[in-house]
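This is what each chain is made of:
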Amino acid sequence: MRRCRALPAAVGALCRALPPRARLAPDVLRRARFDRPQATLDFWRLLYALLKQIHGGEWTESDAIDTQIRFVKSALWYHGYGRPELYQLPSDGSAGSRELLLAFSWLLHRVNLLEWLLARNRVKTGDETSVCTCEDDLSHSQKDTTEMAPGLEDRVDVRYLQWLNGKLRFQWRSLHAQHQEQCKLLHKIHLFTSGSHTDQALGHFSVTETDLIRRPENYNQLLQHLELETMQLEAFLEWKQLEAVYWQWMETVLDNMAEEGSLRTVRDAPVETSRLQEGATCCPWAESMTVQIDRLSGEMTALHSQLQELVARRRSAWCQKYSSEVKRWQSKLLLLKPEEQIVQKISRQQGTFS
């Protein structure tokens, strides 16, 4: 009874801890438990927004629903989600809200979703920069390596690989130059504002604080962002206290699906990986992986059947070989006296310890 009362609070805290642009109403999760079609589109949009943030892509709410569905299926396959029923859902978003609830819960646990989103979307009021430990003279930091594996020259154009290597090194130099320029600008701001900060340990203003001094009208916008982040952090703390209640609820969802017979093994319903080719245009990495996935899936299925046959033959051979030995030893033990049986057990134990 206590868990039933805590469930609405856990679901509400989870929804409030999500980013504002990817936030669900708690009723959507409750409707998804019973596989109501009204919750399907909301879940597709939620997963689309979350996965776009994970992969650092631009997205808008006006993107076509079939494009969102193809991207979500490809991205979940990339992260290792192997439940075949998800990839068999229709591309118009007309059904499958409970499958999407399972996928969302899996992603929530798989990548520590809430912690990752809070760290990525936090309001940065201070200055942060990474430390570069590479050499200053990048022209001598890498040696040209043109050696290739035997027989690889016939399949790969060496000039194309050299061009790719040069392009990569040029982009690396550009990134390094931009990083150095950022550090120089930060140093100028810290030098000009030295001694102005109330915190004597810090001693200088950050870029955000300097911008607020120049444009005070941005203060209200920063304050709103901080208030939203504070509400998300409070919801996250409440979620961590009630997280166990949510996973117990998800166990009941799985039990209901098992009772309805909707849980099937991968052998009974293999994943149609060819459907992922439709999402290759949305995910560049999916296009190169689809062919390999199809080939590996066939090989794994063949190996699985071969291993089952081998195990069955070994088990039958083992049973035939040792059944007669077991019967012979059982007959000998029945003829022994009780004290002789005890002595024999002690001698065996001593043999194992020695």
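First things first, this report covers the structure right here in the doc. Quick caveat: nothing in here was measured; it's all calculated off a predicted structure.

Glancing now at the pattern of salt bridges. Taken as a whole and assessed by the stated rule, the structure comprises eight salt bridges. Where R83 meets E85, a salt bridge forms, and the shortest distance between an N and an O atom there is 3.7 Å. Per residue, the accessibility class of R83 equals that of E85, and both read buried. For the salt bridge of E99 with R83, the shortest nitrogen-to-oxygen distance reads 2.8 Å. Here E99 is found in helix α6 (residues 97–110), whereas its partner R83 is found in the loop between α4 (65–79) and α5 (84–87), with 16 residues between them in sequence. A single burial state applies to E99 and to R83, both of which are buried. Through salt bridges with shared partners, one network takes in R83, E85 and E99.

A few words on helix α10 (residues 219–259). Taking 1.5 Å per residue as the helical rise, α10 with its 41 residues ought to reach 60 Å, and the 56 Å between its terminal C-alpha atoms agrees with that figure. Of all bends in α10, the biggest is about 60°, found at L242.

For S97, the location among the structural elements is in helix α6. Residue class for S97 comes out buried when judged on its relative accessible area of 0%. A distance of 2.8 Å separates a polar atom in the side chain of S97 from the backbone oxygen of R36. For S97, the residues in contact, after removing those within four places along its chain, are R31, A32, D35, R36, A39, T40 and F43.

Two elements in contact, helix α3 (residues 40–54) and helix α7 (residues 113–120), have axes separated by 11 Å at closest approach and are oriented at 60°. Relative to α7, the element α3 is oriented oblique. As α3 packs across α7, the resulting crossing turns out to be left-handed. In this structure, α3 contributes L50, Q53 and I54 to the contact, and α7 contributes L113, W116, L117 and R120. Residues that form the contact of α3 with α7 fall into these classes: five nonpolar, one polar and one charged.

Let us now look at a nonpolar patch on the surface. There is a patch of nonpolar side chains on the surface, built from Y160, L161, W163 and L164 and spanning about 410 Å² of accessible area. Within the element layout of this structure, Y160 appears in helix α8 (residues 158–192).

Conventions and cut-offs
- Residues numbered from 1 in each chain as written.
- Predicted model: local features only at pLDDT ≥ 70, side-chain atom pairs only at ≥ 80, totals over all residues.
- Heavy atoms only, no water.
- Salt bridge = Lys/Arg side-chain N within 4 Å of Asp/Glu carboxyl O.
- Buried < 20%, exposed > 50% of the residue type's maximum accessible area, 1.4 Å probe, protein only.
- Helix = DSSP H or I, 4+ residues; strand = E, 2+ residues; numbered from the N terminus.
- Expected span 1.5 Å × (residues − 1).
- Bend = angle between axes of the 7 residues up to and from the residue.
- Polar contact = N/O pair within 3.5 Å; in protein donor to acceptor, adjacent residues only side chain to side chain.
- Contact = heavy atoms within 4.5 Å.
- Axes fitted to C-alpha atoms, helices over the stretch in contact; angles between N-to-C directions.
- Parallel < 35°, antiparallel > 145°, perpendicular 65-115°, else oblique.
- Left-handed = near helix turned anticlockwise from the far one by under 90°.
- Nonpolar A, V, L, I, M, F, W, Y, C, P; charged D, E, K, R; others polar.
- Patch = residues over 30% accessible without salt bridge, like charges linked within 9 Å, V, L, I, M, F, W, Y side chains within 5 Å.
- Areas by Shrake-Rupley, 256 points an atom, 1.4 Å probe, with all protein chains shown as cover.

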